[in-house]
Amino acid sequence: MTRYASKTVKVTAYAKVKVSEAISRHYKTAKIGSTSYYWFHKNSAPVVTTTMTYYKNRQERLDLQVYYNGRWYDSDSEYFALGTSGKVAVDLGAPGQSGIKARVRSAYINGSSGDTVNSTTYTGWKYLYFSN
């Protein structure tokens with residue numbers, strides 16, 4: 001008869017955090033190809049408002065990419081502290097020139113967003129276009 005020693009396995013299951021993103025200061029939404037864009041005048045600064053389940057010291061990460069010569073390039077990723085309401089509004093600034101395509105997304109990164117309570121979660125990309 002074969003005997004097996006008992007073994008304890010620890011499994012950590014993280015719940016997904018609820019995270020959403022809203023864009024403001026655009027003057028219209030319209031498609032470029034099959035992708036829907038928020039349209040801004042070149043001197044208008046988009047505001048990205050992220051809402052996330054609040055937790056003490058929690059920060060959201062905002063990722064920004066810019067389109068150039070047929071591909072998306074990382075421009076910036078920065079962390080912003082959530083208010084106690086679970087919201088943070090970030091002014092991206094105006095580029096001052098037209099024809100620019102950009103995209104933004106918000107994220108909770110387990111271990112980097114200030115806690116390890118939830119699993120890493122991203123919003124979808126939101127697309128921005130700057131015109132005259």
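Okay, so let's go over this structure.

Each value, and the rule that gives it
- Residues numbered from 1 in each chain as written.
- Predicted model: local features only at pLDDT ≥ 70, side-chain atom pairs only at ≥ 80, totals over all residues.
- Heavy atoms only, no water.
- Helix = DSSP H or I, 4+ residues; strand = E, 2+ residues; numbered from the N terminus.
- Buried < 20%, exposed > 50% of the residue type's maximum accessible area, 1.4 Å probe, protein only.
- Contact = heavy atoms within 4.5 Å.
- Areas by Shrake-Rupley, 256 points an atom, 1.4 Å probe, with all protein chains shown as cover.
- Lys, Arg positive; Asp, Glu negative; His and termini not counted.
- Charge placed at Lys NZ, Arg CZ, Asp CG, Glu CD.
- Polar contact = N/O pair within 3.5 Å; in protein donor to acceptor, adjacent residues only side chain to side chain.
- Pairing = 2+ DSSP bridges.
- Phe/Tyr/Trp six-rings, centres within 6.5 Å; stacked < 30°, edge-to-face > 60°.
- Lys NZ or Arg CZ within 6 Å of the ring centre and 35° of its normal.

**So, the overall build of the protein chain**
- For the protein chain, the helix and strand inventory stands at zero helices and twelve strands.
- In sequence order, the secondary structure elements of the protein chain are arranged as β-β-β-β-β-β-β-β-β-β-β-β.
- Expressed as lengths along the three principal axes of its C-alpha atoms, the size of the protein chain is roughly 80 × 35 × 20 Å.
- Taking all 132 residues of the protein chain together, 33% fall into the buried category.
- Contacts in the protein chain between residues far apart in sequence, at least 24 positions, make up 67% of those at least 6 positions apart.
- Surface accessibility of the protein chain: about 8300 Å² in total, with carbon and sulfur atoms responsible for 46%.
- Across the protein chain, 18 positive and 8 negative side-chain charges occur, with their mean positions spaced 9 Å apart.

**Section: the environment of Asn118**
- Among the structural elements, Asn118 can be located in strand E10 (residues 118–119).
- Judged by its relative accessible area of 10%, Asn118 falls in the buried class.
- Between the alpha carbons of Asn118 and Lys18 there is a distance of 9.5 Å; along the sequence they are 100 residues apart.
- With residues up to four places along the chain from it excluded, the contact list for Asn118 reads Tyr14, Ala15, Lys16, Val17, Arg58, Tyr108 and Asn110.
- One polar contact links the side chain of Asn118 to the main-chain carbonyl oxygen of Ala15, over a distance of 3.0 Å.

**Brief notes about the pairing of strand E8 (residues 87–91)**
- Across the two faces of E8 the burial differs, with Val88 and Val90 buried and Lys87, Ala89 and Asp91 not buried at all.
- Two strands pair when backbone bridges link them, and strand E5 (residues 47–52) and E8 are joined in this way by five bridges, in the antiparallel orientation. Bridging from a neighbouring strand, Thr50 pairs with Val88 of E8.

**Things to note about the side chain of Arg61**
- Secondary-structure assignment places Arg61 in strand E6 (residues 59–68).
- Only 2.8 Å separates the side chain of Arg61 from the side chain of Asp63, close enough to count as a polar contact.
- Those residues in contact with Arg61 that lie beyond four places of it in its chain are Ser77, Glu78, Tyr79, Arg105, Ser106, Ala107, Ile109 and Tyr122.

**Points about the packing of aromatic side chains**
- Taken as a whole and judged by the stated rule, the model has six aromatic pairs.
- For the ring pair Trp72 and Tyr127, a centre distance of 5.6 Å and an interplane angle of 65° mean the geometry is edge-to-face. With Trp72 in strand E7 (residues 71–81) and Tyr127 in strand E12 (residues 126–131), this pair connects stretches of sequence that are 55 residues apart. With respect to burial, Trp72 and Tyr127 carry one shared label: buried.
- Here the basic side chain of Lys28 rests over the ring of Trp39, its NZ or CZ set 4.3 Å away from the ring centre.
- One cation-aromatic arrangement involves Arg71 over Tyr73; the distance from NZ or CZ to the ring centre is 4.3 Å.

**A short note on the pairing of E12**
- Among the six residues in E12, five count as buried, and that is most of the element.
- Across five bridges, strand E4 (residues 35–41) lies against E12 in parallel orientation. The partner of Trp39 across the bridge, within E12, is Tyr129.
- Across five bridges, the pairing between strand E9 (residues 100–108) and E12 is antiparallel. Residue pairing across strands places Ala102 opposite Leu128, the latter belonging to E12.

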